[in-house]
Every structure is written in structure tokens, then in C-alpha cells.
Amino acid sequence: MTGDATDPRHRPAHAARYAYLGPSGTFTEAALLQVPGAAEAERLPASSVPAALSMVERGEVDAAMVPIENSVEGGVTATLDAVSVAHRLHIVAESLVPISFVLAAAAPMPLEGVRAVTTHTHAWAQVRGWAEGHLDDVEFLPSSSTAAAAGEILRGETSAQAAVCSPLVAEQLGLHVLAEGIEDVSGAVTRFVLVSRPGPVPEMTGADKTTLMIPLPQDRAGALMELLEQFSTRGVNLCRIESRPTGGGLGQYFFSIDLEGHVAESRVAEALAGVHRSAPGIRFLGSYPRADRRSQHVTDDVSDAAFAAAEQWIGGIVGGASER
Ligand SMILES: O=C(O)C(=O)C[C@]1(C(=O)O)C=C[C@@H](O)C=C1
């Protein structure tokens, strides 16, 4: 497992009660267990991503772990939309979990006997190719998570004969593994975020990400280009950009963006201020340590020192200094 589990600077100091997409045994719980102290903390399973986030908003938990992005299947829209639209949620940490799936049933059976499979839609999307190649005319029955699907198979609560789930949950529930390593792309990773109510922004570590929601002005040619220029001229690298409908009508979109850097860095703060001038609806959704700890390379011309020197120079001009 990768992630930021061991560095105490990354610990959300206040969080003692956590919600997560449950039940126990989901990949989301594995992501939560990377958070220092979470293994000993109270962990409350939620039936969906919005349910987990509502528990944070209502103050029932300090933070919730939810999936946001998969390296094969892309963004988890339920999370992107809920975090972007809610006004009382900030991302304070992220975790990365390597993903591998098994096909598991309550009793040993040949693959030809599997007529229907249940799992989470994101998991199904990652094994669809394998299923088409190995299962005859199989039907997909969606479940709220991979662990929920495994539980339904165990208790006979579904008309499916098998579940797509993690090897760990299949073992924990005593299910029979009919096939393993069934993911279409090996080495897939899902990214999860720990979301809490707004508070102090986690300290800058030098290897951080910042998440933003930016509603793009609809009526201006080149608006996206202007937006991107704010980042590029300040050497700010974007590592994810997705457009999502605002729900306000056809053609109305916001951009969900992750960038490399922390809002406490001048180049990031200045880029955000620049965006704010043309898109005042921009929302800051958190600066937090990167799970992979990869520090960004900041060139001298966009370093904090360069911004400070430039500001001092302007200050001198305004103040009437002789050196201009
Ligand atoms: O169902 C689970 O176990 C989850 O944690 C959800 C989820 C997701 O939403 O992407 C997490 C990781 C996998 O990519 C498949 C499903």
C-alpha cells in the first residue's frame, strides 16, 4: 500500500471519528486505514459517498474518506460533485490504494454457472473486458460497494452468483475465489480523499496538492485559455482537470482542478487571485500533502523569494525609492 501513513505532519490532528464508504472491507476502508491513528479510531461505515459526506456536514464525524479518482476509470462523479457543490467541506489528506479484484462466490462453481455478477459500478468498469471474455452473456447487478456486494453473495441477498471484490474481503468472509487478478489493467490505483469541515489548512510540506472548483464564464470567448494562463505563467502544474455540469442547464459547467502546490506558496496564491478576478465563483477545496510525497520542481523565477523580491521592488517604486 502506498500513501502518507507514516508522516505525523500529515495527521489531521482533530479527527477521531471517521466515516467511510462501507461496509467494512471496501477499498475505501483500506484507504482510511492509511491515515495515522485511524486503525484505533472510531470508523463508521456509510452506505454511499453522499451519506458519508453528510455525516461530516452534520458534525457526526470529524472526517470522511471517499474515493475521488481511479487511474483506469477516471473521476468518481458522486465525490467530485458533492465536494465541489457543498459549501462546508474541505479536503485535508489523500490516500492511494492499489486495486486488484477477484470474482468470488458462496460456494465453488464453474465460471459457466455465473449468469449475473454484482459489484460497485466503478469496479465493474474495471473488469468488464475480463467478464466479457470469460463469462457467457453475464448480467451486471450494481451494488453500493465491492464489500457490500461480497456480503450480499455470502447472505444470498442477491440473484447474482458472484461478486467482484478485493481478495481481502473475499478471504475475510470465507467466499470462494473463482478467478483472481481479473482487472483489465494491472497496476490500477484509486485515489481517495479525506474530507472534513473547513478549518486550518494543513501545513505546507513541499509536496502538496490544491483542489479547486471553478465555474467558467459561459459568455466569453477564450475563457478557458485565460484561466489556464493564470497557472502556466506562474509555473503551476495542473495534475487533474475535469469538467462537470453545474446542474443549472445545458452547457453550464464547472471545472474540478487539482494543482501541484499549496495555497501558502506565492505562485499558487497569485494564480488563485488571478483566476478570482475573472471567475469570482472559484472555490478553494483544500491544500493537503500528496500521498506519493513527490515534491514539485519550482523554478527560481516563480519561487516565493522571487515573488517577495518583485513585491519589494514595486513597493519601493510606489514609496518613491531612487532605485527603480
Ligand atoms: O467499492 C469499494 O470497495 C470502494 O471503495 C469504491 C471504489 C470506487 O468508488 O472506485 C473504490 C475502489 C475501486 O476502484 C472500486 C470501487
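Residues numbered from 1 in each chain as written. Predicted model: local features only at pLDDT ≥ 70, side-chain atom pairs only at ≥ 80, totals over all residues. Heavy atoms only, no water.

- The name recorded for the chain in an unreviewed UniProt entry is Prephenate dehydratase, from Nesterenkonia aerolata.
- According to the UniProt record, the Pathway (unreviewed entry) comment for the chain is "Amino-acid biosynthesis; L-phenylalanine biosynthesis; phenylpyruvate from prephenate: step 1/1."
- The annotation that UniProt attaches to the chain under Catalytic activity (unreviewed entry) is "prephenate + H(+) = 3-phenylpyruvate + CO2 + H2O". (UniProt positions renumbered as here; feature names shortened; annotations may be inferred.)

1. Focus: the sheet that holds strand β14 (residues 253–260)
Moving on, step 1. The strand order across the open sheet formed by four strands is β13-β14-β12-β15, and the pairing between neighbours is antiparallel. Only two strands of the sheet have a single partner each, and these edge strands are β13 (238–245) and β15 (283–289). Put simply, the sheet's adjacent strands are angled 15° from each other on average, direction ignored.
Moving on, step 2. As judged from the seven bridges shared by strand β12 (residues 208–215) and β14, these two strands associate in the antiparallel manner. Residue pairing across strands places Lys 209 opposite Glu 260, the latter belonging to β14.
Moving on, step 3. The sheet strands contacting helix α8 (residues 266–278) are β12, β14 and β15, and the helix crosses β14 at an angle near 165°. (Pairing = 2+ DSSP bridges. Helix = DSSP H or I, 4+ residues; strand = E, 2+ residues; numbered from the N terminus. Axes fitted to C-alpha atoms, helices over the stretch in contact; angles between N-to-C directions. Contact = heavy atoms within 4.5 Å.)

2. A closer look at the site of the ligand
Moving on, step 1. Taken together, 14 residues form the shell around the ligand, and within it Phe 27, Thr 28, Gln 126, Thr 146 and Thr 190 come nearest.
Moving on, step 2. Contacts to the ligand include Thr 28, whose side-chain N or O atom sits 2.5 Å from an oxygen atom.
Moving on, step 3. The side chain of Gln 126 places a nitrogen or oxygen atom 2.9 Å from an oxygen atom of the ligand.
Moving on, step 4. About the coverage of the ligand: the protein hides 100% of its 360 Å² of free accessible area.
Moving on, step 5. Of all elements in the fold, only α1 (27–32), β3 (63–70), α4 (121–134) and β11 (189–196) reach the threshold of two or more residues within the shell around the ligand.
Moving on, step 6. Taken together, the residues that form the shell around the ligand break down as five nonpolar, nine polar and no charged.
Moving on, step 7. When we break the shell around the ligand down by domain, the ones giving at least three residues each are domain 1 (1–99 + 188–200) and domain 2 (102–180). (Near = heavy atom within 4 Å. Polar contact = N/O pair within 3.5 Å; in protein donor to acceptor, adjacent residues only side chain to side chain. Areas by Shrake-Rupley, 256 points an atom, 1.4 Å probe, with all protein chains shown as cover. Nonpolar A, V, L, I, M, F, W, Y, C, P; charged D, E, K, R; others polar. Domains from an automatic or database assignment.)

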